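The lines below spell out each chain.
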Amino acid sequence: MEWNASMAEWYAENYGEYATNRLAVDALEMPSDGVCVVDVGCGTGTALRHVSQRTEARLIGVDPVPRMLEIARERCEGYAIELREGSAEALPVEDGLADFVFAFDSYDNWRDQRRGLAEVRRILKPTTGIFVVVKDADVPQGDADAFRANLPEAGFVVTRETTVRTDDASFTLWLCKAESP
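What comes next concerns the included structure. It should be emphasised that the depicted structure is a prediction, and the values quoted were computed from it without experimental measurement. (Residues numbered from 1 in each chain as written. Predicted model: local features only at pLDDT ≥ 70, side-chain atom pairs only at ≥ 80, totals over all residues. Heavy atoms only, no water.)

A few points about the nonpolar core
Of all hydrophobic cores here, the largest spans 30 residues; its most connected members are V37, F100, F102, F104, V132 and L173. Considering every element that reaches this core, the biggest residue donor is helix α2 (residues 19–26), with four residues. Among residues more than four places away in sequence, those in contact with L173 are A24, A27, L28, V132, V133, V134, R160, E161 and T162. Core analysis: the next-biggest nonpolar cluster, separate from the first, contains 28 residues, A88, V93, A103 and W174 among them. (Core = buried A, V, L, I, M, F, W, Y, C linked by side-chain atoms within 4.5 Å. Buried < 20%, exposed > 50% of the residue type's maximum accessible area, 1.4 Å probe, protein only. Helix = DSSP H or I, 4+ residues; strand = E, 2+ residues; numbered from the N terminus. Contact = heavy atoms within 4.5 Å.)

Below you can see the structure in the form of C-alpha cells.
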C-alpha cells in the first residue's frame, strides 16, 4: 500500500482515533516521568497523546507522510509532542535516546523491515530500551510469524506477548528488548 495525502486523510477519518492506541498504551507499565517515547509511523499522534496523559515524557512522533504529519499537528495542538518527517528505515532520532519505541500497526508498512529494526535498535537505550509492537487481530498469522522471525537477526527477543480483545478492538502486543551484544 502506497501512503500519500489521500490515504492519510482516509486513515485519519476511519482509524485516527482507533481504540487500539489507547488500549495498548494502557497495557504498558511506564515510569511516571523522565522517559522518551518514539512512535514510528505515528499517524495522527493518538498513542502519544495517550502517553502524555499518563506520564511526563519526551514524546516524538515520526511519520513518512507529510499530510499525516499535518493532521497530527492539528490533533496534537496543546500537547508537548515533537513531530518529525522520516521513515522507519532512516529515523530522524539520536542514537540511544528512546526508552520506548512504538510501532502500533505500522510495522507491516515499513518498506524494509530489517533496516527498520536496525534503526529501532540504534535509537533505543542500549540496555533498558523496549520496542513495543502492536498488530491488529485481523492480521494473518503468517505476518505475525514473519515479524517474530525478523527479531533475532536484529538482536531482539520478545519478553511479553499479549492478545487483547475488547468490544472496541482486538490486537496482539509484543514487548521486545535488545539482546546484549
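Details of the state of the cysteines
Per the stated rule, a full pass over the model turns up zero disulfides. The thiol of C42 is unpaired, and the distance to the nearest cysteine sulfur, on C76, comes to 7.3 Å. (Disulfide = S-S within 2.5 Å.)

A few points about helix α4 (residues 66–75)
For α4, the complete set of buried residues consists of M68, L69, I71 and A72. The arc that holds every buried residue of α4, seen down its axis, measures 160°, which confines them to one face. (Arc of directions from axis to C-beta.)

Some words on the pairing of strand β4 (residues 100–104)
With five of five residues buried, β4 lies mostly within the body of the structure. Burial along β4 is two-sided: F100, F102 and F104 facing one way and V101 and A103 facing the other are all buried. The pairing of strand β1 (residues 33–40) with β4 spans three bridges and is classified as parallel. What sits directly across from V38, in β4, is V101. Summarising the sheet, β4 and strand β5 (residues 130–136) pair through five bridges and their orientation is parallel. The residue of β5 that forms the bridge with F102 is V132. Chirality of the crossover, the property in question, places the unit of β4, helix α5 (residues 113–123) and β5 among those that are right-handed. (Pairing = 2+ DSSP bridges. Right-handed = clockwise from strand over helix to strand, strands pointing away.)

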